[in-house]
Amino acid sequence: MRSMDFSSWQGAMTTIIGLAVITLLGVGIRLIIMQTIQQRRERMNRQINERLKTLIAAYRTLGGSFTGQLTVDPTHLRDLHERARVGEGAPATAEETFSSERSRRMRDAVEAALADILLLGTEEHCRLAGQAAADMAAGRPIHTADLVISLRGFIRSALDLGPMPADVLIPLQGPTRTQGGAARGKGEAGGNRGGGNGGGNADGGGGGGMAMGLGSGLGRRDADQAG
């Protein structure tokens, strides 16, 4: 207040300009701080969203099945080739080949989900996923039910959802069954239908050409008779 001088118009102008400069500096510093805090909050929100999205996808992969085979077969394709090379057992049937292919796709999906959990999971998730990965690398079948339960609790807590009711009975969950064979069957059926339609169009085109030829011949014959 002592620096303010309103005794003359020059002093009043200087005081007003000084107050305006100080006010602009304060507002600018506040805007910079608020923008920095907002950017940091948005970055954290994006990280949390990406983390939840990845863990939810891993949860669906590891616990998308309540029935059927709930264990993961760690057999690799090279092991199957080795067995076929040394001639162990009888030749595999088509059903056995499809089953092994399906198990291999399931194992690949589970391995990718375990890698995501080891990257973005909590300490408990990493411990369970690391144990499952070690068992799979050692050639032992693994169960994913405990890891699925831990993921479910974390995801519900992160989304501000209450815990599962105590009277809800949830069976053990296993990896999602792949649908590669069904997709191939649909693709082959679509290709057969497309081939049939192409043949029909070709036949139709040939029939149209024959009709035009017959019509031209009949027209010329009538003209000759009239002449």
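About the thresholds
Residues numbered from 1 in each chain as written. Predicted model: local features only at pLDDT ≥ 70, side-chain atom pairs only at ≥ 80, totals over all residues. Heavy atoms only, no water. Helix = DSSP H or I, 4+ residues; strand = E, 2+ residues; numbered from the N terminus. Buried < 20%, exposed > 50% of the residue type's maximum accessible area, 1.4 Å probe, protein only. Areas by Shrake-Rupley, 256 points an atom, 1.4 Å probe, with all protein chains shown as cover. UniProt positions renumbered as here; feature names shortened; annotations may be inferred. Core = buried A, V, L, I, M, F, W, Y, C linked by side-chain atoms within 4.5 Å. Contact = heavy atoms within 4.5 Å. Patch = residues over 30% accessible without salt bridge, like charges linked within 9 Å, V, L, I, M, F, W, Y side chains within 5 Å. Salt bridge = Lys/Arg side-chain N within 4 Å of Asp/Glu carboxyl O. pLDDT = per-residue confidence, 0-100.

- In the annotation of an unreviewed UniProt entry, the protein is listed under the name Putative membrane protein YgcG and assigned to Massilia aurea.

## Considering the overall build of the protein
Point 1. Regarding its fold elements, the protein presents 6 helices and 2 strands.
Point 2. In the protein, the succession of α and β elements from N to C terminus is α-β-α-α-α-β-α-α.
Point 3. When each of the 227 residues of the protein is scored for burial, the buried share is 18%.
Point 4. Surface accessibility of the protein: about 16,300 Å² in total, with carbon and sulfur atoms responsible for 59%.

## Describing the UniProt feature "transmembrane region" (unreviewed entry) in the protein
Point 1. Listed under "transmembrane region" (unreviewed entry) in the UniProt record, and renumbered for this structure, are residues 12-33.
Point 2. Across residues 12-33 one finds 100% helix and 0% strand; the C-alpha atoms that close the span lie 32 Å apart.

## Considering the nonpolar core
Point 1. Among the nonpolar cores identified, the biggest contains 17 residues, and L62, V110, L114, I117, I142, L147 and L151 are the most heavily contacted of them.
Point 2. Breaking this core down by element, the ones donating at least two residues are α1 (9-63), α3 (94-120), α4 (123-137) and α5 (145-158).
Point 3. Residues within four places of L147 in sequence aside, it is in contact with L62, L114, I117, H125, L128 and A129.

## Examining a nonpolar patch on the surface
Point 1. A cluster of nonpolar side chains, contributed by M13, I17, V21 and L25, occupies part of the molecular surface with about 380 Å² of accessible area.
Point 2. Among the secondary structure elements, V21 is positioned in helix α1.

## Notes on the environment of S65
Point 1. Residue classification places S65 among the buried residues on the basis of a relative accessible area of 3%.
Point 2. For S65 and Q173, which are 108 residues apart along the polypeptide, the C-alpha to C-alpha distance reads 5.5 Å.

## A short note on the confidence of the model for the protein
Point 1. Averaged over the protein, the pLDDT score is 74; the fraction of residues at 70 or greater is 64%.
Point 2. Across residues 181-227, where pLDDT falls below 50, the model places 4 contacts with residues more than four positions away in sequence or in other chains.

## What to know about the pattern of salt bridges
Pairs may arise between side chains of opposite charge once their charged atoms sit close together.
Point 1. Under the counting rule described, the total for this entry stands at 4 salt bridges.
Point 2. Linking R107 and D108 is a salt bridge whose minimum nitrogen-to-oxygen distance equals 2.5 Å.
Point 3. Given the relative accessible area of 4%, R107 is considered buried.
Point 4. Of the residues examined, D108 reaches a relative accessible area of 34% and is grouped as partly exposed.
Point 5. Residues joined in a network through salt bridges with shared partners are R107, D108 and E111.

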